[in-house]
Amino acid sequence: MEVYESFARVYDELMDEVPYEEWADFIRQKLGEYAIREGLMLELGCGTGKMMELMGDAGFDMIGVDSSMEMLQIAQEKSQEGNKDFLYLWQDMREFELYGTVRAVISICDSINYITNPEELTQVFRLVNNYLDPGGIFLFDFNTEYKYRELMGETVIAEDREDVSFIWYNSYDEAEHFNEIDLRVFVREEDGRYRKFEEEHLQRGYTLSEIKQMLHEAGMEFLAAYDGYTGRSADEKSERIVVTAREYQKGGNK
């Protein structure tokens, strides 16, 4: 089953505690430090388009890439309702293609962790470097190996709401650095009965040093790493790290 195939219909409801507005403010602030306040922006793993809406409201022309057609359909519906002229591309971020370059690329909600092969993630970074304007900025977050190993591994997360409930089983393989997620969602239908969806997700935990090395191999310039969207420097106990990197201005891999 495609990742987020069934989950897409309830994704926004179950992710309503994610502080998207705070994250968007942080992204705008960091991009502003490099004089990027408008122009074309690409979001990798855009999902249902929540961050695209916020960055569009901030003045950016948005392009969204996602491998889930179901998520993109929801994003498209929302942008049409809001009269937003966004471009959505049904593509795998490991081999995405654009018609030209963009001023900034973002990726949030640990989309990076779904790339479980380090060589493939390095290729994602190469593509980002290729499609950024000279001096363009790449801002992304990832869940750390520390988070999967110490906090999420062998845990069960459950939530019961009026119309939807879910059970989220985590299992971390320390040798492979893989976090396996067994997701079971129960959605209340119009007739009052509940429909059950099941999905399996696989994410890889990365360390900041690994991410830095992959950015270097991709020809990008590492700029900073933050402890989540707080602005504080990342450390060995950071659960989510936000990284900023810059397009290699000498055109190293182009």
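Keep in mind that what you see is a predicted model, and the values were worked out from it rather than measured. Along each chain, residue indices are assigned from 1 in the same order as the chain's sequence is written. Local features in this predicted model are restricted to residues of pLDDT 70 or higher, and side-chain atom pairs are both shown and tallied only at a pLDDT of 80 or more, whereas totals for entire chains, interfaces and linings draw on every residue. Each side-chain value is derived from all of the structure's non-hydrogen atoms; neither hydrogens nor water enter the calculation.

Engineer: Which parts of the structure should I look at to understand the overall build of the protein chain?
Structural biologist: A helix here means a DSSP run of H or I that spans at least four residues, while a strand means a run of E at least two residues long, and both kinds are numbered starting from the N terminus. If you tally the helices and strands in the protein chain, you get 7 helices and 11 strands. Based on C-alpha atoms, the radius of gyration is set beside the globule rule, defined as 2.2 Å times the residue count to the power 0.38. Against the globule reference of 18 Å for 254 residues, the protein chain gives a C-alpha radius of gyration of 18 Å, in line with a compact fold. The C-alpha extent of the protein chain, read off along each of the three principal axes, is 60 × 45 × 30 Å. The buried share among the 254 residues of the protein chain stands at 50%. Considering only intrachain contacts with a sequence separation of at least 6, the fraction spanning at least 24 residues in the protein chain is 65%. Note on areas: these come from Shrake-Rupley sampling with a 1.4 Å probe, and a residue is covered only by the protein chains present in the view. Surface summary for the protein chain: the accessible area is close to 12600 Å², and the carbon and sulfur share equals 42%. Charge counting follows a simple rule: Lys and Arg are positive, Asp and Glu are negative, and His as well as the terminal groups are ignored. Working definition for charges: the position is that of NZ of Lys, CZ of Arg, CG of Asp or CD of Glu. Each charge sign in the protein chain was given a centre, from 26 positive and 54 negative side chains, and these centres are 4 Å apart. In this scheme, a residue with accessible area under 20% of its type's maximum is buried, one over 50% is exposed, and one in between is partly exposed, where area comes from a 1.4 Å probe on protein chains only. Contact between two residues is taken to exist if any of their heavy atoms lie within 4.5 Å; hydrogens are not considered.

Engineer: Would you explain the pattern of salt bridges in this entry?
Structural biologist: In a structure, side chains of opposite charge can pair up when their charged atoms sit close to one another. Just to be clear on terms, a salt bridge is a Lys or Arg side-chain nitrogen sitting within 4 Å of an Asp or Glu carboxyl oxygen. Enumeration over the complete set of coordinates arrives at 17 salt bridges. Its salt-bridge partner being Lys50, residue Glu21 comes within 3.8 Å of it at the nearest N-O pair. Taken as a pair, Glu21 in helix H2 (residues 20-32) and Lys50 in helix H3 (residues 50-57) lie far apart in primary sequence, 29 residues in all. For Glu21, a relative accessible area of 44% corresponds to the partly exposed category. By relative accessible area, which is 28% here, Lys50 ends up partly exposed. Here Glu150 ties to Arg149 by a salt bridge, and the two come within 2.9 Å at their closest N and O atoms. Judged by relative accessible area, which is 47%, Glu150 ranks as partly exposed. The network of salt bridges with common partners includes Asp182, Arg184, Lys196 and Glu198.

Engineer: Explain the confidence of the model for the protein chain here, please?
Structural biologist: The predictor attaches a confidence to each residue, called pLDDT, with possible values from 0 through 100. When the pLDDT values of the protein chain are averaged, the result is 90; 91% of them are 70 or greater. Here residues 1-5 is a poorly scored stretch, pLDDT under 50, and it has 19 contacts once near neighbours within four places are set aside; other chains count. Counted against residues more than four places away or in other chains, residues 250-254, with its pLDDT under 50, gives 8 contacts.

Engineer: Got a minute to help me understand the sheet that holds strand E4 (residues 102-107) in this structure?
Structural biologist: Within a sheet, adjacent strands bond to each other through the backbone by hydrogen bonds, running parallel or antiparallel. A pair of strands counts as paired when DSSP detects no fewer than two bridges linking them. Pairing within the open sheet is mixed, and its 7 strands lie in the order E3-E2-E1-E4-E5-E11-E10. One side of each edge strand has no neighbouring strand; the edge strands of this open sheet are strand E3 (87-90) and strand E10 (221-227). The mean inter-strand angle of the sheet, taken between neighbouring strand axes irrespective of direction, is 15 degrees. Two elements, strand E5 (residues 132-143) and strand E11 (residues 240-246), share 7 bridges in a ladder whose sense is antiparallel. What sits directly across from Phe138, in E11, is Ala245. Where H3 meets the sheet, its contacts fall on strand E1 (39-44), strand E2 (60-66), E3 and E4, and the angle it forms with E2 comes to roughly 165 degrees. Convention adopted: a line fitted to C-alpha atoms gives each axis, helices being fitted over their contacting stretch, and angles between N-to-C directions are expressed from 0 to 180 degrees.

Engineer: Please explain the pairing of strand E9 (residues 194-204) as it appears in this structure.
Structural biologist: Regular strands have side chains that alternate between both faces of the sheet. In this sheet, E9 lies alongside strand E8 (residues 178-188) in antiparallel orientation, the contact comprising 11 bridges. Looking at E9, one finds that Leu183 is bridged to Glu199. Where E8 folds back onto E9 in an antiparallel hairpin, the turn is made up of 5 residues, including Gly192, whose phi is positive at roughly 95 degrees.

Engineer: Explain unusual backbone geometry to me, please; I cannot follow it from the model alone.
Structural biologist: Comment: phi is negative for the bulk of residues other than glycine, and the bulk of peptide bonds are trans. With phi around 60 degrees, Ala35 is a residue other than glycine that occupies positive phi space. For Ala35, the position within the fold is in the loop between H2 and E1. On the basis of relative accessibility, which here comes to 46%, the residue Ala35 falls in the partly exposed class. If you check the backbone angles, Asp110 has positive phi at about 50 degrees while not being a glycine. Counting through the fold element by element, Asp110 comes out in the loop between E4 and helix H5 (118-131). A residue is classified by how much of its surface remains accessible, and Asp110, at 11% relative accessible area, is buried.

Engineer: Just to check I follow, could you spell out the packing of H5 against helix H7 (residues 208-217) for this structure?
Structural biologist: Helices that pack against each other are described as a pair by the angle of their axes relative to one another and the distance between those axes. Interaxial distance between H5 and H7 falls to 8 Å at its minimum, and their mutual angle equals 55 degrees. Relative to H7, H5 is oriented oblique. When the axes of H5 and H7 are compared, the crossing they make is right-handed. For the pair H5 and H7, the contacting residues are Pro118, Leu121, Thr122, Phe125 and Arg126 in the first and Ile211, Met214, Leu215 and Glu217 in the second. The nonpolar class holds Ala, Val, Leu, Ile, Met, Phe, Trp, Tyr, Cys and Pro. Asp, Glu, Lys and Arg form the charged class, and all remaining residues, Gly among them, are polar. Among the residues making up the contact of H5 with H7, the classes are represented as 6 nonpolar, 1 polar and 2 charged. Should an angle lie under 35 degrees it is considered roughly parallel, over 145 roughly antiparallel, and from 65 to 115 roughly perpendicular; all remaining angles are considered oblique. Left-handed is the label given to a crossing in which the near helix is rotated counterclockwise from the far helix by less than a right angle, and right-handed is the label when the rotation is clockwise.

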